[in-house]
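These are the residues of each chain, in order.
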Amino acid sequence: MLMISPRMASGMQEKQFTPSLLNFFVYNPTFGPREGEEEKKILFYHPSEVEKNEKIRNVGLCEAIVQFTRTFCPTKPAKSLHTQKNRQFFFEPEDNFWIVMVVRNPMIEKPNKDGKPPTVEYQEEEILDTVYGAVVRECYSMYKLFNGTFGRAMEAGGVELLIQKLEKFFYRYLQTLHLQSCDLLDVFGGISFFPLDKMTYLKIQSFVNRVEESLSLIKYTAFLYNDQLIWSGLEQDDMRILYKYLTTSLFPRHSEPELAGRDSPLRPEVAGNLLHYGRFLTGPTNLKDPEAKFRFPKIFVSTEDGYEELHLIVYKAMSAAACFMISASVELTRDFCEQLDGLVGPQLTLLASDICEQFTVNRRISGPEKEPQFKFIYFNHMNLAEKSTIHMRKTASVCLTSVHPDLMKILGDINCDFARVDEDEEIIVKAMTDYWVVGKKSDQRELYVILNQKNANLIEVNEEVKRLCATQFNNIFFLD
Amino acid sequence: MDEEPQRATVSWENGTLAPVDRLRSERADSPTPGLVEGTEPGAGQESAMFVHAQSFEDLTAQAEEEVQREAELDKSGECAEELKVLVGEKTIEEQLSNDITSESRTKEEDVTSEAWRSHRKHVFVLSEAGKPIYTRYGTEEALSSTMGVMMALVSFVEAEKNIIRSIHADGCKVVFLSKSPLVLVGVSRTCQTDKELLRELLYIYYQIVSLLTLTQLNHIFQHKQNYDLRRLLAGSEYLTDNLLHRLDRDPGLLLSAVTCLPLASSARDMVSSSLQAAKSKNLVFSILLAGDRLVSLLRKKDQFLHHIDLHLVFNLVGSSSSFREGEGWTPICLPKFNTAGFFHAHISYLEPASELCLILVSTDREDFFNMSDCKKRFLERLSKRSAYQALKEALKCPSYSVEQVGIPELRHFLYKSKSSGLYTSPEFPDVYQSDEEQERLMGLYQDLHSSLHHPTRPLRSFYRCGETENLLAWVTSGFELYLCFSPLGTKAMAVSAVTKLLKWIRKEEDRLFILSPLTY
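Residues numbered from 1 in each chain as written. Chains lettered and ligands numbered in written order. Predicted model: local features only at pLDDT ≥ 70, side-chain atom pairs only at ≥ 80, totals over all residues. Heavy atoms only, no water.

Colleague: Can you break down the overall build of chain B residue by residue, with the values?
Modeller: A count of helices and strands for chain B gives 17 helices and 18 strands. Scored against the burial criterion, the 520 residues of chain B give a buried share of 61%. A fraction of 66% describes how many contacts in chain B between residues 6 or more apart in sequence connect residues 24 or more apart. Counting every atom, chain B has about 20300 Å² of accessible surface; 51% of that belongs to carbon and sulfur. (Helix = DSSP H or I, 4+ residues; strand = E, 2+ residues; numbered from the N terminus. Buried < 20%, exposed > 50% of the residue type's maximum accessible area, 1.4 Å probe, protein only. Contact = heavy atoms within 4.5 Å. Areas by Shrake-Rupley, 256 points an atom, 1.4 Å probe, with all protein chains shown as cover.)

Here it is in structure tokens:
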């Protein structure tokens, strides 16, 4: 992505380039061990138009780096390679299968006089390994969610099938990566939970129980409101990646009809149905359509002894969304979908307005929101709960943060410091811009606060953070 | 010889560090953080003694060279082959290391063993032809194929018009530094950042240059690319070994600063003026050391000694006991001064069993007797004064304990005056008595240092509260301060400790720093 820096106003046109994806490839070194067969190792390569020899060379370098690193750490594989122009991230999700992502460092292009080519300055310290390492791991998790493991494809149809699946998945998925806006939240990969009172929570739970009882085909259910999770029957790691898919891909694609008026042509499925606002986000767009197909996306989730394949039904009414997962061995029929629509539609509509009402009441009690002196990110490793007042809204295409990118990177630096030692810690730093940044790690929780109190001293900053912890996290103990 | 020192002077004057003569009265008793550079405790009054890098100028200079190098490079074809060889390397390597069991160096170690792998920090030096020059652990012979792989990686990435910097794995990183005609590789299990590790490799590079000069180094490899440099460096490995040891333990190398022997200013001034009197035409620097501590340093007007060069001299003197046996006369290149030529250093101890070592640096190879005479004159003059006795007394307590500062829960600290390039620090307290604990504390300081001096996101201050200690680091335009508190220390204590400590250092600065350095 190209961004024009403000300095260009001064006449000398300086161009600033944000980090971008150079290459993304998947290889298995055991697939072409002999000389002349190197191409067989490559299962996927982006961009595909790269010349064959260059692909082989780049894969060869990765192999060499991995092999070389084993000289010093036989058990811990290489994770990244830093060069002047780019960074490469290595990930071996399954034995001998390597995923490599090459990210170009951000750079500044300075024009030269006399028609000389512009000078390029690479900003080598801008990319955080932890952030992009997490991005690669997420790429794999997302592949696995919709395709199962690489091993499964190999068993089912050999290398050809795997290559086909990789091609099909990553061709689309890579276009949705927005490397320039990745930050600490990608490292956590957390789930935002919707805060709720006990009564409403019980209502939701009993709704889930009722539906699961009436429609016994349903194996797992997840319930979200306002893109935030309320209830999930899935394993944490499966929910984490499903949540990512729902909130950054599926929901944003379907948000428009919600906003459009009732009579808008954008929401035909509502037209004939006055009883409720429920509709399928996956599967049939209109149940009344005689041509409607009852096919749902399949996902793979882990079980005790491997994985299982499931239909993913996402059903939404106003801001409430319910995901129902049904074994893929069952064929889903029009009957079933109508039954589900009839049962869930009205109840979910009701629940959605209940939650909405509750939410507004709570808001009113807590009083009008003042612009606080601080912004924070909280993450709990135990339940993956995350909370950020720094990010306005995180979708696949944009991640708006309200603070300077350098401050976000300082948060990332502190996070790296925390990751090195397995003990409770607190770090308070003052940036050159005089912002204070506080990081606290306690038990499995991490809290990062940015304070805009330039003249405060260490003691005052500490007091401020204490107050914040007392109001926002009153039941959590942080090391003082 | 002429160009380099000039450049050093110029950059000195143009830089923000230009020392200003100040009167004593301007020096406040209780310095505030808003201190202007040059008035912080420990700032020299006349002018600085040596050039000190403000932070990492050395590495930025390197970036410029790289641009040039890049322009010269254009040989992409052959590298695919190189890599093929290198991927299948493992087996050859194993054979090789099995063959070399008959080696007879003390460094001998099985380079495939877990013990070898788990050393905290490996350092390798190789030529651009991939020939081994130095390894910290194991023998170069046993590691020749490993180093071959290193070189292959470097040149493969170079062929793509790119530069390899580092490889990261969990708990282990490999950093590469190309300083033609040498390539240095560090493998570290510490938490140090790439930048810190590069700085250490750069020290090793300068150590080698100081033995040979860069001109000679270039000359050798231009003539014979495949030259085995170990032939020339044989017997000097201990210097590099020792320097690496210092890098792990000496705060001076971390801070780009030197520490002084605590000494009453009257005595120090006396020593300095005696050194000043014992001058000679070709004498450029006279340095009086007490162990690793500076007692006095004199320089020719307009000539500055870079802290890296000074540390190389410290390392030379500290690594070898042979200077104790009489007057030493050795060529030494001071690479930050001039990479092209040798100085000649007269190195001798004032008295046989004394810690006091005098180093006289001359430009003339035939100057031994002149220097020897200078030393005699200095000693004669000094021994007539009471200052000599005071100096000998001071040797008995070359350091101070942190209790003397009287700040509760403060365990240790480093304070560097930026304008003078001098630092002070108490001895390690009881909790950090073992080597491991001291290196761990140094590691914590290194962390703080690299956080504060981050190349794109530098910080003003850093406070870390952990289970074993609380740390506070603070950088202003005048000083750098690193404090280590017991885990019982609070933030309020830390804040008040800074004020108290600065006051104490101001009070003691006469003793702890060289406030009035002289020139010939």
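Colleague: Just give me the short version of the UniProt feature "domain: FUZ/MON1/HPS1 second Longin" (unreviewed entry) in chain B, but keep the residues and values in it.
Modeller: Mapped onto the present numbering, the UniProt feature "domain: FUZ/MON1/HPS1 second Longin" (unreviewed entry) falls on residues 281-379 of chain B. Between the C-alpha atoms that bound residues 281-379 of chain B there is a distance of 19 Å. The span itself is 25% helix and 36% strand. (UniProt positions renumbered as here; feature names shortened; annotations may be inferred.)

Colleague: Run through unusual backbone geometry, naming residues and quoting values.
Modeller: Going from histidine 46 of chain A to proline 47 of chain A, the amide bond is cis rather than trans, its omega being -5°. Looking at where proline 47 of chain A falls in the secondary structure, it is placed in the loop between strand E4 (42-46) and helix H1 (52-70). For the bond running from serine 180 of chain B to proline 181 of chain B, omega is 5°, close enough to zero to count as cis. Relative to the helices and strands, proline 181 of chain B resides in the loop between strand E5 (172-179) and strand E6 (182-188). Residues other than glycine seldom take positive phi values, yet lysine 161 of chain B does so here, at roughly 55°. In this structure, lysine 161 of chain B sits in the loop between helix H6 (144-159) and strand E4 (164-169). For lysine 161 of chain B, a relative accessible area of 36% translates into the label partly exposed.

Colleague: So what's going on with the UniProt feature "domain: CCZ1/INTU/HSP4 first Longin" (unreviewed entry) in chain A? Which residues, and what values?
Modeller: Under the local residue numbering, the UniProt record ascribes the feature "domain: CCZ1/INTU/HSP4 first Longin" (unreviewed entry) to residues 22-148 of chain A. The distance from the first to the last C-alpha atom of residues 22-148 of chain A is 26 Å, and the span holds 30% helix and 33% strand.

Colleague: Kindly report on the interface of chain A and chain B, identifying the contributing residues and their values.
Modeller: Taken together, the contact between chain A and chain B spans 55 residues of the former and 56 residues of the latter. For the pair chain A and chain B, the summed buried area comes to about 5000 Å², and 59% of that belongs to carbon and sulfur atoms. For chain A, the biggest contributors to the area lost against chain B are Phe68, Phe72 and Met432 of chain A; these three give 15% of the whole. On inspection of chain A and its partner chain B, the count reaches eight salt bridges. Arginine 457 of chain B is the salt-bridge partner of aspartate 413 of chain A, the closest N and O atoms lying 2.9 Å from each other. Counting across the interface, chain A meets chain B through 30 residue pairs in polar contact (both at pLDDT 80 or more). Elements represented by at least two residues in the side of chain A that touches chain B include exactly H1, strand E5 (78-83), helix H10 (405-420), strand E20 (425-431) and helix H11 (458-472) of chain A. Residue contributions to the side of chain A that touches chain B peak at 10 residues, all from H1 of chain A. Residue composition of the side of chain A that touches chain B, grouped by class: 21 nonpolar, 11 polar and 23 charged. Here E20 of chain A pairs with strand E16 (residues 459-465) of chain B via six bridges, running antiparallel. Paired with isoleucine 427 of chain A across the two strands is arginine 464 of chain B, which belongs to E16 of chain B. (Buried area = accessible area lost by both parts, 1.4 Å probe. Salt bridge = Lys/Arg side-chain N within 4 Å of Asp/Glu carboxyl O. Polar contact = N/O pair within 3.5 Å; in protein donor to acceptor, adjacent residues only side chain to side chain. Nonpolar A, V, L, I, M, F, W, Y, C, P; charged D, E, K, R; others polar. Pairing = 2+ DSSP bridges.)

Colleague: Break down the domain arrangement of chain B for me, citing the residues and quoting the values.
Modeller: Residues and elements named next belong to chain B. Domain boundaries in chain B define domain 1 (106-248), domain 2 (258-396) and domain 3 (402-512). With centres defined by C-alpha atoms, the gap from domain 1 to domain 2 works out at 31 Å. Contacts between domain 1 and domain 2 engage 16 residues on the former and 19 residues on the latter. Around 1500 Å² of area is buried between domain 1 and domain 2 when both sides are counted, 61% of it from carbon and sulfur atoms. When the buried area of domain 1 at its contact with domain 2 is split by residue, Tyr203, Tyr206 and Arg246 rank highest and sum to 40% of it. Our count for the domain 1 to domain 2 interface comes out at one salt bridge. (Domains from an automatic or database assignment.)

Colleague: Can you explain the nonpolar core? Please cite residues and give values.
Modeller: Nonpolar side chains tend to gather and get buried jointly when the protein is soluble and globular. Counting residues in each nonpolar core, the largest one holds 93 residues, and the members touching the most others are Met101, Tyr132, Phe170 and Met325 of chain A. The element contributing the most residues to this core is helix H2 (residues 129-147) of chain A, with nine residues. When neighbours within four sequence positions are excluded, methionine 325 of chain A is seen to be in contact with Leu217, Ile218, Lys219, Tyr220, Thr221, Ala222, Leu234, Leu242, Ile299, Leu310, His311 and Leu312 of chain A. If you look at the next biggest cluster of nonpolar residues, it comprises 68 residues, including Trp436 of chain A together with Phe285, Ala345 and Leu512 of chain B. (Core = buried A, V, L, I, M, F, W, Y, C linked by side-chain atoms within 4.5 Å.)

Colleague: An account of the pattern of salt bridges is requested, with residue identities and associated values reported.
Modeller: Enumeration over the complete set of coordinates arrives at 52 salt bridges over all chains. Here lysine 203 of chain A and aspartate 354 of chain A are joined by a salt bridge, their closest N and O atoms 2.9 Å apart. Of this pair, lysine 203 of chain A sits in helix H5 (residues 198-214) while aspartate 354 of chain A sits in helix H9 (residues 334-365), and the two are 151 residues apart along the sequence. On the accessibility criterion, aspartate 354 of chain A (26% relative accessible area) is partly exposed. Taking the shortest distance from any N to any O, the salt bridge between glutamate 196 of chain B and arginine 199 of chain B comes out at 2.9 Å. Here glutamate 196 of chain B and its partner arginine 199 of chain B are both found in helix H7 (residues 194-212), three residues apart, which amounts to about one turn of the helix.

Colleague: If you had to explain the pairing of strand E12 (residues 343-349) of chain B to someone new, which residues and values would you point to?
Modeller: Residue and element names in this part refer to chain B. Within E12, seven of the seven residues are buried, which leaves the element mostly enclosed by the surrounding structure. With five bridges connecting them, strand E11 (residues 328-332) and E12 associate as antiparallel partners. For tryptophan 329, the partnering residue across the bridge sits in E12 and is histidine 346. Relative to strand E13 (residues 356-362), E12 is paired through six bridges, and the arrangement is antiparallel. Across the sheet, histidine 344 pairs through a bridge with serine 362, a residue of E13. Hairpin connection of E12 to E13: six residues between the antiparallel strands.

Colleague: Any chance you could break down the environment of glutamine 453 of chain A for me, citing the residues and the numbers?
Modeller: Residues and elements named next belong to chain A. For glutamine 453, the location among the structural elements is in the loop between strand E22 (445-451) and H11. Along the chain, glutamine 453 and glutamine 373 lie 80 residues apart, while their C-alpha atoms are 7.3 Å from each other. Discounting residues that sit within four places of it in the chain, glutamine 453 has contacts with Gln373, Trp436 and Glu464.

Colleague: Could you give an account of the sheet that holds E6 of chain B, naming the residues involved and the relevant values?
Modeller: Pairing within the open sheet is antiparallel, and its 10 strands lie in the order E4(A)-E3(A)-E7(A)-E6(A)-E5(A)-E4(B)-E5(B)-E6(B)-E2(B)-E3(B). Each edge of the open sheet is held by one strand with a lone partner, namely E4 of chain A together with strand E3 (132-135) of chain B. Adjacent strand axes in the sheet meet at a mean angle of 15° when their direction is disregarded. Note: strand E3 (residues 20-27) of chain A against strand E7 (residues 97-104) of chain A, seven bridges, orientation antiparallel. In the strand pairing of E7 of chain A, valine 26 of chain A is matched with isoleucine 99 of chain A. This element, H2 of chain A, spans E3, E5, strand E6 (86-94) and E7 of chain A together with E4 of chain B of the sheet and lies at about 40° to E6 of chain A. Where helix H3 (residues 150-173) of chain A meets the sheet, it contacts E3, E4, E6 and E7 of chain A, and its direction lies at approximately 5° from that of E4 of chain A. (Axes fitted to C-alpha atoms, helices over the stretch in contact; angles between N-to-C directions.)

Colleague: Any details on the domain arrangement of chain A? Residues and values, ideally.
Modeller: One frequent convention defines the size of an interface as the accessible area lost when the parts assemble. All names here are of chain A. Here the domain parsing of chain A yields domain 1 (4-174), domain 2 (198-366) and domain 3 (374-472). Each of domain 1 and domain 2 was reduced to a C-alpha centroid, and the two centroids are 36 Å apart. Across the contact, nine residues belong to domain 1 and nine residues belong to domain 2. Counting the surface lost from both domain 1 and domain 2, the interface buries some 930 Å², and carbon and sulfur atoms represent 73% of this. Three residues, Leu145, Phe146 and Arg152, lead the burial of domain 1 against domain 2; their summed loss comes to 62% of the area buried on that side. Our count for the domain 1 to domain 2 interface comes out at two salt bridges. A salt bridge links glutamate 309 to arginine 152, with the nearest nitrogen and oxygen atoms 3.7 Å apart. Counting every contact that joins domain 1 to domain 2 gives one residue pair in polar contact (both at pLDDT 80 or more).

Colleague: Please give an account of helix H10 (residues 237-249) of chain B that cites residues and values.
Modeller: With 13 residues, H10 of chain B should cover 18 Å at 1.5 Å per step; its first-to-last C-alpha distance of 19 Å lies within 8% of that length. Structurally, H10 of chain B contributes buried residues whose contacts are with strand E2 (121-127), E3, H7, helix H11 (251-255), helix H13 (307-319) and helix H16 (435-452) of chain B. (Expected span 1.5 Å × (residues − 1).)

Colleague: With reference to specific residues and values, describe the packing of H7 of chain B against helix H8 (residues 214-223) of chain B.
Modeller: Residues and elements named next belong to chain B. Orientation of H7 relative to H8, taken along the N-to-C sense of each, is 85°, at an axis distance of 7 Å. For the element pair H7 / H8, the angle class is roughly perpendicular. Together, Tyr205, Val209 and Leu212 of H7 and Leu214, Gln216 and Leu217 of H8 make up the contact between the two elements. Partitioned by chemical class, the residues of the contact of H7 with H8 number five nonpolar, one polar and no charged. (Parallel < 35°, antiparallel > 145°, perpendicular 65-115°, else oblique.)

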